[in-house]
Amino acid sequence: MNKKYINFVQEQKTSNVGLQKIANLLLSLKDKQIVTFCHDDPDGVTSGIIFKRLTEKLGIKNILFFPYSFVLSKQEVLEIKEKYSPEALFIIDKGTIQDYDYFAEIIKNVVVIDHHPKIGEQFDKIILYNPAIPNYVRTSGCLLVHILSTLFNNTNKYDDFICLIGMKCDWAIDLLNNDIAEFCLPFYEERIKPYYLWLEEKRNDLKPTMFDIKNQNITCLLNQISELFFAVTGGGFQYFYNSYNEKLKNIDQPKFCYETFLTEFEIKKFNNLNEFINFLPQQNKEIITLIYDLFLSDWQKTEKQFDEQTILSKETNAIKIFLFFAKDIKLMPMVGSKKLYQYKNNKDAVIIMFNIEKDESIHISFRGTTDKIHLGKIASSVADKLNSKLQDKTKISGGGHPFAAECKIRNNSVDFLDVLYETINLLINYNK
Ligand SMILES: [Mn+2]
């Protein structure tokens, strides 16, 4: 049975005190100044677009930022307090983190809209809308903002389209593989399916994208636009192209993406990405095309490196384990995810990728096609083991899901050999 989207939205409001409070707060903010911080990835940027379009309608002065670090810092809050003395601070798609509770001592109203599992226990002083608490649900930040905006009857086909892209980029839907998160279904069935089915038609005349992990030869227009969005924002990994071309020198990519797509345009049927780019403001087209071409060329280079350097390090009846090492490589987790499906060859497989970044930080990405090995647990154990030897525990972090996880060791806090040892040790002794 399909639930009507508006009923689903109302249900969210009745069942979630945070959402009710946010709706009431917004009504009291007419002509007032607020500040919004969004994640700098496609989900955060699309959240920002939908939220700005709502606050504009409500006559609220809203200035948005897309900072390059995921967790909002006290310093950033103090700075905007000094500069704007906002009536309210909105933090969207940037985690549900206990430290945010203290921000309510700096700015009166602090609102968190988020879908990540919480970190910490205390959230008494802030207004929080996160349907993934207490139990995890798969969704995206932009859909939560879309729900909020729909409460004000303010979402149209353009908001729906923007929301669809954010959901796609956050892996809340994978239409070619018939995978739609339950939480997203009412929105999808009512707002997307009747109007945008042509965006999900199988296409074998277009190049498969980073979102076509399981599809080696096909793609769809939605995946194409979503990849473009990923490239333009930098994907939340700060894959920026400022140094590649003089024309990009001063472009703040997440902000540029936000500004490009903030103003509504008619989503007429298009047949390929170039036709889509043609809908965009003239002065932005060139920059978008430049960035996307650079992204594609980086992608190709990284793919080649994977093909030449990936090592099959163990193969049992149950699983193949691949290792990959690189220095200062771009797009590693995304290319690695896609390559893994190509290399696994009907078996379950896992790939562990190491990148020594420009500043000597070590980034480890774990990807799997199976939950036989819980990669999130391995990533967090690597971080714990390495941290246990350190005084300063802020430099190493790790965690994730069974199928995908990351570990980050910030500039030379430990030797690469120790990182390697802990990772391999955990892997070898897994389930023993
Ligand atoms: Mn998100």
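Thresholds applied
Residues numbered from 1 in each chain as written. Predicted model: local features only at pLDDT ≥ 70, side-chain atom pairs only at ≥ 80, totals over all residues. Buried ≥ 20, exposed ≤ 12 C-beta atoms within 10 Å, placed from the backbone. Helix = DSSP H or I, 4+ residues; strand = E, 2+ residues; numbered from the N terminus. Pairing = 2+ DSSP bridges. Axes fitted to C-alpha atoms, helices over the stretch in contact; angles between N-to-C directions. Expected span 1.5 Å × (residues − 1). Contact = placed C-beta atoms within 7 Å. Core = buried A, V, L, I, M, F, W, Y, C linked by C-beta atoms within 7 Å. Domains from an automatic or database assignment.

Colleague: Before we go on, may I ask you to explain the pairing of strand 3 (residues 88-92) in this structure?
Modeller: Across a regular strand the side chains alternate sides, sitting on one face of the sheet and then on the other. Burial of strand 3 is extensive: five of the five residues sit out of reach of the surface. Burial along strand 3 is two-sided: Ala88, Phe90 and Ile92 facing one way and Leu89 and Ile91 facing the other are all buried. Inspection of the sheet shows strand 1 (residues 33-38) paired to strand 3 by five bridges, in the parallel sense. Bridge pairing in strand 3 places Phe37 opposite Ile91.

Colleague: How should I be thinking about the sheet that holds strand 2 (residues 61-65) in this particular structure?
Modeller: Strand pairing in a sheet takes place through backbone hydrogen bonds and is either antiparallel or parallel in direction. Strand order across the open sheet formed by five strands is 2-1-3-4-5, with parallel pairing between neighbours. In this open sheet, the two edge strands, each paired with only one partner strand, are strand 2 and strand 5 (127-129). Here the strands of the sheet are splayed against their neighbours by 15° on average, with no regard to which way each runs. The pairing of strand 1 with strand 2 spans five bridges and is parallel. When the sheet's bridge partners are listed, Gln33 is paired in strand 2 with Lys61.

Colleague: How should helix 8 (residues 185-196) be read in this particular structure?
Modeller: Within an α-helix, residues lying three or four positions from one another point in the same direction, as the helix has 3.6 residues per turn. With twelve residues, helix 8 extends only 14 Å from end C-alpha to end C-alpha; this falls clearly short of the ideal 16 Å at 1.5 Å per step. Taken residue by residue, helix 8 has Pro186, Phe187, Tyr188, Arg191 and Ile192 as its buried positions. Against helix 1 (5-15), helix 6 (141-151), helix 7 (157-169), strand 6 (173-174) and strand 7 (179-180) lie the buried residues of helix 8.

Colleague: Sorry, what's going on with the pairing of strand 9 (residues 319-327) here?
Modeller: Bridge analysis of strand 8 (residues 311-315) against strand 9 gives four bridges, and the strand direction is antiparallel. Along strand 9, the bridge assignment pairs Lys314 with Ile321.

Colleague: Quick question: what am I supposed to make of the sheet that holds strand 11 (residues 362-368) here?
Modeller: Across the sheet, which stays open at both edges, the six strands sit in the order 8-9-10-11-13-12 with mixed pairing between neighbours. Edge positions in the sheet fall to strand 8 and strand 12 (396-400), since each has one partner strand and no second. Neighbouring strand axes in the sheet, compared pairwise and without regard to direction, differ in orientation by 15° on average. Across nine bridges, the pairing between strand 9 and strand 10 (residues 348-356) is parallel. What sits directly across from Leu323, in strand 10, is Ile352. Each of strand 9, strand 10, strand 11 and strand 13 (404-409) is contacted by helix 15 (residues 416-428), which is oriented at about 20° to strand 11, the strand it contacts most.

Colleague: Can you help me understand the nonpolar core in this one?
Modeller: Across soluble globular proteins, you tend to see nonpolar side chains buried next to one another. In terms of nonpolar packing, the biggest core is built from 111 residues, with Leu89, Ile91 and Val111 touching the most fellow members. A per-element tally of this core places helix 9 (residues 221-233) first, with eight residues. If we skip the residues at most four places from it in the chain, Leu89 touches Val35, Val77, Phe103, Ile107, Asn109, Val110 and Val111.

Colleague: Is there a simple way to think about the domain arrangement of the protein in this case?
Modeller: Where interface size is given, it is often the accessible area lost as the parts come together that is meant. Splitting the protein by domain gives domain 1 (5-158), domain 2 (159-305) and domain 3 (310-428). Computed from C-alpha coordinates alone, the two centres of domain 1 and domain 3 are separated by 32 Å.

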